[in-house]
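# Report on the structure
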Amino acid sequence: MAAHPTRSILIAVAAVAAALLLAVTVALGGGGSARRADRHAPAPAAVLRPIDPSASTADQVKHYAAEARAHPSADAYVKLALAELQMAREDANPSWYTRAEALLRKARTLDPGNPTAVAALGSIAAARHDFVRALGLARRSLRMAPGNAYAGGVAVDALVELGRYPQARAALQRMLDRRPDLSSYSRASYILELDGRTALARRALRQAILSGAPVAENTAWAYLYLGNLEFGRGRYAAAGRAYRMAERVDPGFVHARAAMARLAAARGDVEAGIRLLRPVVAQIPLPAYVIALGDMLSAAGRPAAARKQYSLARLQEQLYIANGVNVDVELATFEVDHGGDARAAVARLRELRRTQRSVVVADALGWALLRAGAPRQALVFAQRALRLGTRDATFLFHRGAIEAALGRRPEAARDLRAALTLNPHFSILHEAQARRLLEEVTR
Amino acid sequence: MVKRTLSLLAAALTVGALAAGPAFGSSHREAPLISGDPEADLTDLYAFVDRASPGKVNLITAAVPLEEPGDAPNYYKFGDNVAYDINIDNNGDARPDVTYRFRFRTHVRNGDIFLYNTGPVTSLNDADLNVRQTYDVWRISWTAGGAMRKSTRIGNDLPVVPNNIGPRSTPNFHGLVTQGVRSVGSGSRSWAGQSDDPFFMGLSQIGDLVNVQPKGAATDTLGGFNVQAIALQVPKTAIVRPGHPVVGIWSDTERQTNVNVLTGKGSGALTQIERLGMPLTNEVLIGLDDKDRWAQRGPRGDAVFDHYLLNPVLATVLGAPDQNRTDILAAFHTGIKGLNQTGGPHADLLRLNTSIPAAGTEKHLGVLAGDLAGFPNGRRLADDVVDIELQVVAGELIGSPNDVSDNVQRNDRPFMAGFPYMALAHQGFEHTHHLPASASRIVM
């Protein structure tokens, strides 16, 4: 037996610290240079104090900021960065992206082989809608740590947004085959929804919900998406149930409130929508919510109040741009729908489409081209938007309106009818117009 | 396990890893980036000969790390589309010959899943228990080639012991635990439900400045946390081949793949999420690049991981010989000669020589202390696997006797004297954790 108790304590601590170092990096889905760790004693890296995951994000940021100050290390910076990215999600302040990015760069300086830092930079690129960059970083991270679920998820998201659907499906199926869990099932639901496979998309979301997410908020998002899927199929009662479930699994989940507001307004109670959405916007002024509130105020006959929201949305978009977020699709669609410069929107979207060949961008470009007075070109993109067989009332309405402008009355009637059958109250902005157009083309 | 302590942190990170986006109106939808799957996350595996019934063996595994007791509104359960398997190799080929498979179902009485109970729960079928689980147990036998020979359901719709919520909701939790013991065929008993996390270790605040818990004052870092546990007691004859008392055991979790984005239909095939044989193998010894690969395959091909055991980083850190450590390889991949060697391919298995009777007095250092009925000959709940593994890696078996220790030698709660042996789950009130223990500070 070893004679010196202090020494044995130190050894045990070293051992546990080493074990922890390995464990931490694994918990992160990699981190630290794996090969280095295999062969050599790990570099003296700080192993951080854990924090109760149910602590508020603000407290987590505070906790990891203190850890990063006390033990500056790649791990500490990565953890603080991830906590800050969660803050961005909760308070819709995009300046967190800038701060998190700086931390991740510091982490990479200290540990160039840290796959989590690279994948997290990929997440930031995706959040900024730079999907080419996101894909590159995700792939780099996957080369460092093959099979890393975090990086794999970033890659799938980027491929979907770049419109590289066959690759996205294949990558996603690999994820599903490896780990059929919330992370892969929830992505599957989106691709299946784009593919027009509603029943299967619903099943994927149910599986995601059943998958036992470690954090309630994850399950809340799955319920939210389930509600949106039902809303998109005009199943409003089912949508409401799903939104309520989202709120119940994660009390205070603000996005469920926003979705309920949209649902209430769609079903004709615009005042209830406004009542529900105001506190949401006060809490997280995401442009999409601010614009929706403006649309509701406009529908309620309060154009001045609506204009105030629209200016706020433009300000918010500027804040996003200042923090490196590409909001071209959002801004272009907003301007097109609210009497802005359609030609400028077309130019923006054309530029974007050089890399982002998704159905979402194709739809936005088609719609902008119609408003810019180029319905023939518009139709080309509206067709591409629907090439996967996506069952989306807005896409169908856009194509119907373009066909109507081209005098293709039967096609227009078919699309407009399909849109209004699929989701009769798909948009408080466009529903009336869709009905009017349908009447005109069937007259 | 270390991993579990750390998964506190991992959970925090998964939240951070979620991409932001509005509920609607965004140009794209970002999916959550979580990679955690606690319901399929195995924490420990135990196997030991029963003391009261020397002809029987107890097999225990647990999942869902770091359950915060009584953490409304999140109550813990087994996964509904997870298969929990305990596998036994009885001919040394590192393939399962017998598998006990546990499948769970959640039942909700009044449709509101957020009310766990509507009054005091005094029995397992109490109408006040709103959310409850039941489970089936299957005994599967396999051919030498790995094909399923026979699958028999030996337990049907058995009740799962609920969460220990607190004195008002579960006033006699011990009674519920006892009611959970069910017969599953001749001489076999099964139990599933919430228990205290039986793993114990003394981990304190770690940084580049480390707080070490001094001897005597050290407390179980995993004290105050619960897990979902499965315990099975079977006659030795149900798992061994006559004349070959040594078996190799591992548990694994599998999830059903119910959706296929390419073909449109899910096969329903089971995909292995995790496996567990020897304690701490994947957490501590296997390299980062290989952790997923290790978890997702069976033990039969484990020879590819030999080098992690022959040249362990942990040995380097401990200042012990770190090359060609055949002693560590034997303990993890072949069994110890004259004790529990299985022969056949190298494989990470919890090896139990069932012919060694239970010890009259258990020693927490097991075989290292001359108690052959303890780890690494199987594993009992009270075996101090952290100290044993640290001492072995530090060279105990190769001429460097040592007493490396984390200074925690027992669980924070006493284990039950009889089956299912687990320590009672902590309740929602009156539990404490010991994570940030105040202690002396030593500079490394």
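Residues numbered from 1 in each chain as written. Chains lettered and ligands numbered in written order. Predicted model: local features only at pLDDT ≥ 70, side-chain atom pairs only at ≥ 80, totals over all residues.

### Details of the overall build of chain B
To keep it simple, the criterion reads: For the purposes of this entry, the term helix denotes a DSSP run of H or I that reaches at least four residues, the term strand denotes a run of E that reaches at least two, and both are numbered from the N terminus. In this scheme the burial state of a residue depends on its C-beta neighbours within 10 Å: 20 or more other such atoms mean buried, 12 or fewer mean exposed, and anything in between means partly exposed; the C-beta positions come from the backbone. The contact criterion used is a C-beta to C-beta distance within 7 Å, with each C-beta placed from the backbone.
Regarding its fold elements, chain B presents eight helices and 14 strands. Looking at chain B residue by residue over its 444 residues, the buried ones come to 58%. When contacts within chain B are restricted to residue pairs at least 6 apart in sequence, those whose partners lie at least 24 apart make up 65%.

### Observations regarding the overall build of chain A
The helix and strand tally for chain A stands at 24 helices and zero strands. By the burial criterion, 62% of the 443 residues in chain A qualify as buried. Of the contacts formed within chain A by residues at least 6 apart in sequence, a portion of 52% connects residues at least 24 apart.

### Quick word on the sheet that holds strand β7 (residues 182-183) of chain B
In sheet architecture, strand pairing relies on hydrogen bonds along the backbone and comes in two forms, parallel and antiparallel. We apply this condition: What makes two strands pair is DSSP finding at least two bridges between them.
Strands sit in the order β1-β2-β10-β8-β7 (chain B) across an open sheet of five strands; the sheet is antiparallel. Because the sheet does not close on itself, it has two edges, and the strands there are β1 (42-49) and β7 of chain B.

### A short note on the nonpolar core
Short version of the rule: For the purposes of this analysis, a nonpolar core is taken to be any set of buried Ala, Val, Leu, Ile, Met, Phe, Trp, Tyr and Cys residues that are connected through C-beta atoms within 7 Å.
Counting residues in hydrophobic clusters, the biggest one holds 157 residues, and the most contacted among them are A:Leu277 and A:Ala368. It is helix α4 (residues 74-91) of chain A that contributes the most residues to this core, eleven residues altogether. Residues within four places of A:Leu277 in sequence aside, it is in contact with A:Ala258, A:Ala261, A:Tyr289, A:Ala292, A:Leu293 and A:Met296. In this structure, B:Ala40, B:Leu45, B:Phe225 and B:Ile239 belong to the second largest nonpolar core, which totals 97 residues.

### Regarding the pairing of strand β4 (residues 98-108) of chain B
The side chains of a regular strand alternate, residue by residue, between the two faces of the sheet. All names here are of chain B. Sheet topology places strand β3 (residues 82-89) next to β4; six bridges connect them, and they run antiparallel. Counterpart to Asp-85 in the pairing with β4 is Arg-101. Pairing between β4 and strand β5 (residues 131-142): eleven bridges, direction antiparallel. Bridge pairing links Val-98 to Ser-141 in β5.

### Overview of the packing of helix α5 (residues 95-110) of chain A against helix α6 (residues 115-127) of chain A
Residue and element names in this part refer to chain A. The cut-off we apply is this: The convention used is that axes are lines fitted to C-alpha atoms, helices contributing only their stretch in contact, and that angles between N-to-C directions extend from 0 to 180 degrees. The scheme is simple: roughly parallel for angles under 35 degrees, roughly antiparallel for over 145, roughly perpendicular for 65 to 115, oblique for anything else. By convention the crossing between two helices is left-handed if the near helix lies anticlockwise of the far one by an angle smaller than a right angle, and right-handed if it lies clockwise.
At a closest axis distance of 9 Å, the pairing of α5 and α6 adopts a crossing angle of 155°. One finds that α5 runs roughly antiparallel with respect to α6. α5 and α6 meet at a crossing whose hand is left-handed. Within the contact between the two elements, α5 uses Tyr-97, Ala-100, Glu-101, Leu-104, Ala-107 and Arg-108 and α6 uses Ala-117, Ala-120, Leu-121, Ile-124 and Ala-127.

### Some points on the packing of helix α7 (residues 131-144) of chain A against helix α8 (residues 149-161) of chain A
Residues and elements named next belong to chain A. For the record, the criterion: Note on residue categories: nonpolar means Ala, Val, Leu, Ile, Met, Phe, Trp, Tyr, Cys or Pro, charged means Asp, Glu, Lys or Arg, and polar means any other residue, Gly included.
The contact between α7 and α8 brings their axes to 8 Å, and the two run at 150°. As judged from the angle between their axes, α7 and α8 are roughly antiparallel. For the element pair α7 and α8, the recorded crossing hand is left-handed. Each of Phe-131, Ala-134, Leu-135, Ala-138, Arg-139, Ser-141 and Leu-142 in α7 lies in contact with α8, whose residues at this interface are Ala-151, Gly-152, Val-154, Ala-155, Ala-158, Leu-159 and Glu-161. Looking at the contact of α7 with α8 residue by residue, the class counts come to ten nonpolar, two polar and two charged.

### Quick word on unusual backbone geometry
All names here are of chain B. The residue after Phe-375, namely Pro-376, is reached through a cis peptide bond having omega 5°. Looking at where Pro-376 falls in the secondary structure, it is placed in the loop between β13 (350-353) and α8 (385-393). A cis amide bond, omega 10°, links Phe-419 with the succeeding residue Pro-420. Counting through the fold element by element, Pro-420 comes out in the loop between α8 and β14 (440-443). The backbone of Val-64 sits at a positive phi, close to 60°, despite the residue not being glycine. Along the polypeptide, Val-64 turns up in strand β2 (residues 56-67). Positive phi, close to 65°, is recorded for Asn-407, a residue that is not glycine.

### Observations regarding the pairing of strand β6 (residues 148-159) of chain B
All names here are of chain B. With eight bridges connecting them, β5 and β6 associate as antiparallel partners. The residue of β6 that forms the bridge with Ser-141 is Lys-150. What sits between β5 and β6 in their antiparallel hairpin is a turn of five residues, with Gly-146 showing a positive phi close to 100°.

### Looking at helix α16 (residues 287-299) of chain A
Count 3.6 residues to each turn of an α-helix, and residues three or four apart come out pointing the same way. Residue and element names in this part refer to chain A. Heads up, the condition is: To estimate the expected span of a helix, subtract one from its residue number and multiply by 1.5 Å.
For α16, with 13 residues, the first-to-last C-alpha span of 18 Å sits near the 18 Å given by 1.5 Å per residue. Within α16, twelve of the 13 residues are buried, which leaves it mostly tucked inside the rest of the structure. Pro-287, Ala-288, Tyr-289, Val-290, Ile-291, Ala-292, Leu-293, Gly-294, Asp-295, Met-296, Leu-297 and Ser-298 are the residues of α16 that are buried. Packing partners of the buried residues in α16 comprise α14 (254-266), α15 (270-283), α17 (303-322) and α18 (328-337). In the segment just after α16, Gly-301 is the residue with positive phi, at about 75°.

### Comments concerning the confidence of the model for chain A
In plain terms, the rule: The pLDDT value expresses, per residue, how confident the predictor is, ranging between 0 and 100.
Per-residue pLDDT for chain A averages 85, and the proportion of residues at 70 or more is 87%. In this model residues 1-47 of chain A is a low-confidence stretch, pLDDT under 50, and it forms 128 contacts with partners more than four residues away in sequence or in other chains.

### Concerning the environment of B:Pro245
Residues and elements named next belong to chain B. Its location among the elements puts Pro-245 in the loop between β10 (226-235) and β11 (246-256). For Pro-245, a count of 16 C-beta atoms within 10 Å corresponds to the partly exposed category. Residues Pro-245 and Ile-356, spaced 111 residues apart in sequence, show a C-alpha to C-alpha distance of 8.9 Å. Those residues in contact with Pro-245 that sit more than four places away from it in its chain are Val-240, Asn-353, Thr-354 and Ser-355.

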